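Observations on chain architecture
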Amino acid sequence: MLIAADKFKGSLTAVEVAEHVTAGLRRAVPGLDVAAVPVADGGDGTVAAALAAGFTRHEARVTGPTGTPVTATFALRADGTAVVEMAEASGLQHLPGGVFAPLTATTYGTGELLLAALDAGATSIVFGVGGSATTDGGAGMLAALGARFLDAEGQPVGTGGGPLRELATADLSGLDPRLARTEIVLASDVDNPLTGPKGAPAVYGPQKGADEDDVATLDAALAHYAEVLERAVGPEAAEYALAPGAGAAGGIGYGALVGLDAAFRPGIDVMLDVLGFGPALAKATFVITGEGSLDEQTLHGKAPAGVAAAARAAGLDVVAVCGRLQLPQEALDRAGIRRAYALTDLESDPARCMAEAGPLLERAAESLARDFLV
């Protein structure tokens, strides 16, 4: 049995999910051979999954999204592969008091976190983006890495996406030279462009506190930012603004594409490679995946969909565990998931369901084992 599940957000880490599923399975089938590869799709929890896979934990003190210092974690493997999660430095969880700053939140700390990874010896970086508090197009990140963004008076523009409307010149020549020698993969499940009706401000800005006027301001500012970068680095800057992934995490995807020469790949594909899922799958006869909520988003690049696709290609059955299930069986079938076991089927009160997720998950796994393994 191979357990390859993501976290249950707000309740259990991916490692804890695997532990509770294992306990439930063995309650029904004592001595069952179980292996676990906790997974993530590039969003929050990505570093935790890498640490569970044997990467070494590193910490750095960096600038949070509103300027308050925060401690951020990244993961590094002996071969020089680092996993850096932008939410560790610039995520919503780092907003003081949970107060949004849609126009001024910065990714500067993410740039500092990338520098810390380089300082620790990283030669290739899996850059997971998601859960950001920011919509600055990655300008803060690039500034921390040595780029300069100046207004008409030659002064640095303010932090965040809003002040980019004052941008007059951009200079990327000062970027840390180690970046040119470092393979950077932009790992994301978001394929939005930078601006427009499907761009970062319009689609994700409201989740970060942006009202209608803020969205319009940010969209115009990021469009202007791309125009200035086009003058600075050439027509590829305009092409990158339209590229899949440019709008990821408030446009930090764009900054990574245009400034770091990053290669965009679906986050779950990258992470399955990095976490050693392939070799584990080759030894498996049955696969269990899952995440907190199985819903429409799951079908668009989330971890369970990626796990199910790989397992189905290997000819293996896949079932899922989840906190709540919001997909009909037909959708599960299309994703290659034979059945899903939801904790809400065992406990209808959402608060209790989250508080007691571990024991409930063991009960669900025991039912799963009796249905498929006994």
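Report on the accompanying structure. Since we're looking at a predicted model, the values are computed, not measured.

The next thing to look at is the sheet that holds strand β12 (residues 317–325). Sheet strands pair by backbone hydrogen bonding; their relative direction is either parallel or antiparallel. One open sheet accounts for 5 strands, arranged β2-β1-β11-β12-β13; its pairing is parallel. Lying at the two open borders of the sheet, with one neighbouring strand each, are β2 (35–36) and β13 (339–342). Sheet topology places β12 next to β13; 4 bridges connect them, and they run parallel. Pairing of C322 across the sheet is with A342, part of β13. Sheet strands in contact with helix α1 (residues 14–28) are β1 (2–5), β2, β11 (286–294) and β12, and its direction is about 145° off that of β1.

Turning our attention to unusual backbone geometry. Even without being a glycine, A249 presents a positive backbone phi close to 50°. Tracing the sequence through the fold places A249 in helix α9 (residues 248–260). What makes A249 buried here is its relative accessible area of 11%. Phi is positive for D261, close to 55°, though the residue is something other than glycine. Along the chain, D261 turns up in the loop between α9 and β10 (263–266).

This brings us to the side chain of E88. Considering the arrangement of structural elements, one finds E88 in helix α3 (residues 87–90). Buried charged residue E88 carries no salt bridge. Nearest counter-charge: R57, at 6.4 Å. A polar contact of 2.8 Å, which involves the side chain of E88, links it to the backbone nitrogen of T73. Among all residues touching E88, those that are not within four sequence positions of it are V70, T71, A72, T73, Q93, H94 and L113.

Before going further, it helps to spend a moment on the packing of aromatic side chains. Under the criterion given, the structure shown has 3 aromatic pairs. Ring plane angle 75° and centroid distance 5.8 Å describe the contact between Y225 and Y254, whose orientation is recorded as edge-to-face. On the criterion of sequence distance, the pair formed by Y225 in helix α7 (residues 212–233) and Y254 in helix α9 is long-range, its members being 29 residues apart. Summarising the burial analysis for this pair, Y225 and Y254 share the class buried. Their ring planes at 50° and their centres at 5.6 Å tell us that F286 and F372 sit as a pair that is tilted. Taken together, the residues F286 in strand β11 and F372 in helix α15 (residues 357–372) connect sequence positions 86 residues apart.

Take the pattern of salt bridges next. For the structure on display, the rule yields 17 salt bridges. Between K302 and D189 there is a salt bridge whose closest N-O contact spans 3.0 Å. Of this pair, K302 sits in the loop between β11 and α12 (303–313) while D189 sits in the loop between β9 (183–188) and α6 (200–204), and the two are 113 residues apart along the sequence. Through salt bridges with shared partners, a single ionic network connects D6, K7, K9 and D44.

What follows deals with the sheet that holds strand β3 (residues 56–63). Judged by pairing direction, the sheet is mixed, and its 6 strands sit side by side in the order β3-β4-β5-β6-β9-β10 without closing on themselves. The open sheet is flanked by β3 and β10, the only strands paired with a single partner. Averaged over all neighbouring strand pairs, the angle between strand axes comes to 30°, with direction disregarded. Examined bridge by bridge, β3 and strand β4 (residues 69–76) share 8 bridges and lie antiparallel to one another. When the bridges of β4 are listed, R61 appears paired with T71. Sheet strands in contact with helix α4 (residues 108–119) are β3, β4, β5 (81–85) and β6 (124–128), and its direction is about 140° off that of β3. Strand contacts of helix α10 (residues 267–274): β5, β6, β9 and β10, with the helix running at about 90° to β10, the strand carrying the most contacts.

On to the layout of surface pockets. As a volume, the second largest pocket reaches approximately 210 Å³. Taken together, the elements giving at least two residues each to the lining of the second largest pocket come down to α5 (139–144) and β7 (148–150).

Here we take up the packing of α1 against α15. α15 packs onto α1 with a crossing angle of 45° between their chain directions and a minimal axis gap of 7 Å. In terms of orientation, α1 and α15 fall into the oblique class. Relative to α15, α1 is oriented so that their crossing is right-handed. The residues of α15 that touch α1, namely those facing V17, H20, V21, A23, G24, L25, R27 and A28, are G358, L361, E362, A365, E366, L368, A369 and R370. When grouped by side-chain class, the residues that make up the contact of α1 with α15 number 9 nonpolar, 3 polar and 4 charged.

Relative to the elements of secondary structure, F100 occurs in the loop between α3 and α4. For the pair F100 and G259, spaced 159 residues apart in sequence, the C-alpha separation works out to 27 Å. When neighbours within four sequence positions are excluded, F100 is seen to be in contact with L92, L95, Q207, K208 and G209.

About the thresholds
Residues numbered from 1 in each chain as written. Predicted model: local features only at pLDDT ≥ 70, side-chain atom pairs only at ≥ 80, totals over all residues. Heavy atoms only, no water. Pairing = 2+ DSSP bridges. Helix = DSSP H or I, 4+ residues; strand = E, 2+ residues; numbered from the N terminus. Contact = heavy atoms within 4.5 Å. Axes fitted to C-alpha atoms, helices over the stretch in contact; angles between N-to-C directions. Buried < 20%, exposed > 50% of the residue type's maximum accessible area, 1.4 Å probe, protein only. Lys, Arg positive; Asp, Glu negative; His and termini not counted. Salt bridge = Lys/Arg side-chain N within 4 Å of Asp/Glu carboxyl O. Polar contact = N/O pair within 3.5 Å; in protein donor to acceptor, adjacent residues only side chain to side chain. Phe/Tyr/Trp six-rings, centres within 6.5 Å; stacked < 30°, edge-to-face > 60°. 1 Å grid on protein atoms, 1.4 Å probe; cavity = no way out; pocket = protein on both sides within 12 Å on 5 of 7 lines; lining within 4 Å. Points joined across faces, edges and corners; volume = space filled by probe spheres on them. Parallel < 35°, antiparallel > 145°, perpendicular 65-115°, else oblique. Left-handed = near helix turned anticlockwise from the far one by under 90°. Nonpolar A, V, L, I, M, F, W, Y, C, P; charged D, E, K, R; others polar.

These results come straight from atomic positions and should not be treated as a statement about function.
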